[in-house]
Amino acid sequence: MAEHAQHAEGHKATAQRWDALVVGGGIAGLTAAWDLVRAGLRPLLIEARGYTGGLVAAGPIAGVRMDLGAEGFVVRGQAATSMLAELGLRTAAPHGRPRLFLPPLAPGDGKEPSGWALHRFPDDAYLGIPADPLASDVVAIIGEAAARRATQDADLPGTVGTGPEDPADLASFVSARMGTGVLDRLVRPIVAGIHSADPANLAADVVVPGLRRATAELGSLSAAVAAVLERRRARRDGAGGRSVDAAVEGGLFRLADALREAIEAGGGSVRTRTGAQWLRPAGGEDSEGGYRSAWWVGIAPTRRGPTPSDEPVPDGAEEVVDTDRVILACSARAALRLLRGVPGLPASATDLTVPVGAPIARFTLVARAPGLGGEPVGSGLLVAPAEQAASHEVSCPARAKALSHLSAKWPWVGEELRALHGPDVHALRLSYGRPGRPRPEVDLSVALADVAALTGVRIEPEAVIDHMLVRWDGTLPPVTPAYRKRTTRLEELLAPVAGVEVTGAWVAGTGIAAVVGHARAAAGRLVGSPDE
């Protein structure tokens, strides 16, 4: 720390003066910098990697630019949708209905095929939690006995599963109210597919904010879900109806592009391959004897770390940024390192062990496949974890945990592919990697075998026009109840520190809507406006 202080003093005369510094160029950092520009400030945004957008990334496959990471978001509140509208971007609901690929029910639980089978998502459910457990599409998935158990939710006191002494994870909450049938055959595969984590390892108030409170107030979980669905149907944001998902028309990557363009057009600056090395309070007066800045931040060029998943490392001459406002929107490891330079912040506050996310691999392929014209799996499907099979003799026939029929789910993808390659060309994306499992090894042969098992359509290798494997190892750490308590405490301890905010998925929770809302609130506090 003393070395950094001396270094800062040596660069004081040449320090770059900015209205604000945003560290991290993912969606959280881009959002925060955009809101600072809207408030009339001139921010500098630095990103240690070579691109902005974080998990919202794109790449060309078969000549069409497609989302390689996140492709949509769960609609929650107005922070994300209002931002999209202001940026001139249109939201779109996915085309088609998704499916679940599930093992057979236990004997006697219902009329079920003997092997793994496809089921449509229930019409009236939120992340798999049904508003009516006795609805025919719910009973077809969980069985009659589990459906009857789930109806007991309506007779339980609203306090069951919602009290401060109750377990705070989503799995415990759902099973306490509706039983393990709803949890295992609906909530677990859906939540695992969206958050890459088991609901037992996720804080309910992060994944479904407000649902426990609504359950206590309305008296049942089914009533709380019905209220959520009613609010969604009343919305006019392009993702109405029963869908809880939305995307940006043309691809979610357009959001990252638009944010960066708006930041630079508004007088801000974006620099990639540049990372923050240290943070400390600035001291003394300026050359006129009247101005005292709040913070100095050492920044330096960076290069890639040993692996793509590692943090980039410094690689060049250090500079000093002089600013009144700092938003740390970078990874947990980098943010905690920088926060150790904040006086008065207890060492215990930054002594956090961040949960490790699942090793994720996504394999996208474009192929000529007339058999996919009928959209046999709708917009796509989620595969239940293999250990959920009621009979261990019935193994899952696929390694993938999810499959998206991209050219059906997002019509613009199909239109662009057909314009370039003619009819009967489809894009599929298969996702691999579950918590606690080894890093998945995937190639074209594995992907094509899974396509055949999950869709019933066999694609020969020579029919494949292009394919790409992208890995996102450890990028979605599960927000456990204990971890959530620690990050909340960190934010409380940081609140009295003027001019420093922290944001990003590791404190906000996963999901575009959660991250955007948190980042906008952080920027709002720095410019003195109410939380978004």
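This text goes with the structure placed above it.
Residues numbered from 1 in each chain as written. Predicted model: local features only at pLDDT ≥ 70, side-chain atom pairs only at ≥ 80, totals over all residues. Heavy atoms only, no water.

J.: What am I meant to see in the overall build of the chain here?
T.: Across its full length, the chain holds 18 helices and 24 strands. Against the compact-globule benchmark of 24 Å for 532 residues, the chain has a radius of gyration of 24 Å, which places it among compact chains. Across its three principal axes, the chain shows a C-alpha extent of roughly 80 × 60 × 40 Å. In the chain, which comprises 532 residues, the share counted as buried stands at 55%. Sequence-distant contacts, at least 24 apart, represent 73% of the contacts inside the chain between residues at least 6 apart. Summing over all exposed atoms, the chain offers an accessible surface of approximately 21,900 Å²; the carbon and sulfur share of this is 51%. A gap of 1 Å separates the mean positions of the 55 positive and 60 negative side-chain charges of the chain. (Helix = DSSP H or I, 4+ residues; strand = E, 2+ residues; numbered from the N terminus. Rg over C-alpha atoms; globule rule 2.2 N^0.38 Å. Buried < 20%, exposed > 50% of the residue type's maximum accessible area, 1.4 Å probe, protein only. Contact = heavy atoms within 4.5 Å. Areas by Shrake-Rupley, 256 points an atom, 1.4 Å probe, with all protein chains shown as cover. Lys, Arg positive; Asp, Glu negative; His and termini not counted. Charge placed at Lys NZ, Arg CZ, Asp CG, Glu CD.)

J.: Hey, could you run me through the pattern of salt bridges in this one?
T.: Pairs can form between side chains of opposite charge whenever their charged atoms are close. On inspection of all chains with the given rule, the structure shows 21 salt bridges. The residue Glu319 makes a salt bridge to Arg271 at a minimum N-O spacing of 3.0 Å. Of this pair, Glu319 sits in strand S17 (residues 319-323) while Arg271 sits in strand S13 (residues 269-272); the two residues are 48 residues apart in sequence, bridging distant segments of the chain. Its relative accessible area of 27% is what places Glu319 among the partly exposed residues. (Salt bridge = Lys/Arg side-chain N within 4 Å of Asp/Glu carboxyl O.)

J.: Honestly, the packing of helix H9 (residues 211-218) against helix H10 (residues 221-233) in this entry has me stumped. Any pointers?
T.: To describe two helices that pack against each other, one gives the angle between their axes and the distance between the axes. Following both chains from N to C, one finds H9 and H10 inclined at 115°, their axes separated by 8 Å at the closest point. H10 is crossed by H9, and the crossing has right-handed handedness. Along the contact surface, H9 presents Leu211, Ala214, Thr215 and Leu218, while H10 presents Leu221, Ala223, Ala224, Val225, Ala227 and Val228. Classifying every residue of the contact of H9 with H10 by side-chain character gives nine nonpolar, one polar and no charged. (Axes fitted to C-alpha atoms, helices over the stretch in contact; angles between N-to-C directions. Left-handed = near helix turned anticlockwise from the far one by under 90°. Nonpolar A, V, L, I, M, F, W, Y, C, P; charged D, E, K, R; others polar.)

J.: Help me understand the packing of aromatic side chains, please; the structure alone is not making it clear to me.
T.: In this structure the tally under the stated criterion is two aromatic pairs. Look at Phe101 and Trp116: their rings are 5.7 Å apart centre to centre, the planes differ by 35°, and that puts the pair in the tilted class. Of this pair, Phe101 sits in strand S8 (residues 98-102) while Trp116 sits in the loop between S8 and strand S9 (117-120), placing them 15 residues apart in sequence. Exposure remark for Phe101: the relative accessible area of 4% places this residue in the buried category. Residue classification places Trp116 among the buried residues on the basis of a relative accessible area of 11%. Between Trp410 and Trp412, the ring centres sit 5.5 Å apart and the planes meet at 20°, which makes this aromatic pair stacked. With a relative accessible area of 5%, Trp410 lands in the buried category. In this structure Trp412 comes out as buried when scored by relative accessible area, which is 14%. Residue placement shows Arg38 over the ring face of Trp34; its charged tip is 4.5 Å from the ring centre. Sitting above the plane of the Trp18 ring, Arg42 keeps its charged end 4.2 Å from the centroid. (Phe/Tyr/Trp six-rings, centres within 6.5 Å; stacked < 30°, edge-to-face > 60°. Lys NZ or Arg CZ within 6 Å of the ring centre and 35° of its normal.)

J.: How should I be thinking about the sheet that holds strand S3 (residues 43-47) in this particular structure?
T.: Hydrogen bonds between backbone groups are what pair the strands of a sheet, and the pairing can be parallel or antiparallel. On the basis of which strands lie adjacent, the open sheet formed by five strands has the order S13-S3-S2-S18-S24 and parallel pairing. The sheet is open, and its two edges are formed by S13 and strand S24 (500-502), each paired on a single side. Mean inter-strand twist for the sheet, computed between neighbouring axes without regard to direction, equals 15°. Summarising the sheet, strand S2 (residues 20-23) and S3 pair through four bridges and their orientation is parallel. Bridge pairing links Leu21 to Leu44 in S3. (Pairing = 2+ DSSP bridges.)

J.: I'm lost on the nonpolar core in this one. Help?
T.: As a rule of thumb, nonpolar side chains are buried together in soluble globular proteins. Among the nonpolar cores identified, the biggest contains 68 residues, and Leu170, Leu211, Leu365, Tyr432 and Ile459 are the most heavily contacted of them. Membership of the second largest hydrophobic core comes to 39 residues, among which are Val248, Ala258, Leu259 and Ile263. (Core = buried A, V, L, I, M, F, W, Y, C linked by side-chain atoms within 4.5 Å.)

J.: Can you help me understand the pairing of strand S21 (residues 402-405) in this one?
T.: Side-chain positions along a regular strand alternate between the two faces of the sheet. Every second residue of S21 is oriented toward a common face, with Ala402 and Ser404 on one face and Leu403 and His405 on the other, all of them buried. Of the pairings in the sheet, the one linking strand S20 (residues 380-383) to S21 comprises three bridges and is antiparallel in character. Counterpart to Gly380 in the pairing with S21 is Ser404. Relative to strand S22 (residues 425-432), S21 runs antiparallel, the two being bridged by four bridges. Across the sheet, Ala402 pairs through a bridge with Ser431, a residue of S22.

J.: What should I look at first to understand the side chain of Asp169 in this one?
T.: Tracing the sequence through the fold places Asp169 in the loop between helix H5 (144-151) and helix H6 (170-178). For the buried residue Asp169, which engages in no salt bridge, the nearest side chain bearing the opposite charge is Arg188, 7.2 Å off. From its side chain, Asp169 meets the backbone nitrogen of Ala171 in a polar contact 3.2 Å long. A polar contact is formed between the side chain of Asp169 and the side chain of Ser172, at a distance of 2.7 Å. Other than its neighbours up to four places away in sequence, Asp169 contacts Pro199, Ala200, Leu202, Ala203, Ala204 and Pro481. (Polar contact = N/O pair within 3.5 Å; in protein donor to acceptor, adjacent residues only side chain to side chain.)

J.: Looking at this structure, how should I read the environment of Arg17?
T.: For Arg17, the location among the structural elements is in strand S1 (residues 16-17). For Arg17, a relative accessible area of 31% gives the class partly exposed. A distance of 2.8 Å separates the side chain of Arg17 from the side chain of Asp324, its partner in a polar contact.

J.: So what exactly am I meant to see when it comes to the sheet that holds strand S7 (residues 91-92) here?
T.: Reading across from one edge, S6-S12-S7 is the order of the three strands in this open sheet, with antiparallel pairing throughout. A strand with exactly one partner marks an edge of an open sheet, and here the two such strands are strand S6 (73-74) and S7. Examined bridge by bridge, S6 and strand S12 (residues 245-248) share two bridges and lie antiparallel to one another. By the bridge assignment for S12, Val74 is matched with Asp245.

J.: Would you mind going over empty space enclosed by the protein with me for this structure?
T.: Vacant regions in the atomic arrangement are exposed by a probe of water-molecule size rolled over the atoms. Counted according to the given criterion, the structure contains two cavities of 30 Å³ or more. Within this model, the largest cavity holds a volume of roughly 90 Å³. Every residue lining the largest cavity is listed: Arg65, Met66, Asp67, Glu71, Gly250, Gly251, Phe253, Leu406, Trp410, Trp412, Val413 and Arg429. Broken down by secondary-structure element, the contributors of at least two residues to the lining of the largest cavity are strand S5 (64-67) and helix H14 (411-421). Counting residues per element, the lining of the largest cavity draws most heavily on S5, at three residues. Its residues assigned to classes, the lining of the largest cavity shows six nonpolar, two polar and four charged. Put simply, the second largest cavity is a space of about 40 Å³. Taken together, His195, Leu202, Val206, Val207, Pro477, Val479 and Thr510 form the lining of the second largest cavity. Here the residues of the lining of the second largest cavity sort into five nonpolar, two polar and no charged. (1 Å grid on protein atoms, 1.4 Å probe; cavity = no way out; pocket = protein on both sides within 12 Å on 5 of 7 lines; lining within 4 Å. Points joined across faces, edges and corners; volume = space filled by probe spheres on them.)

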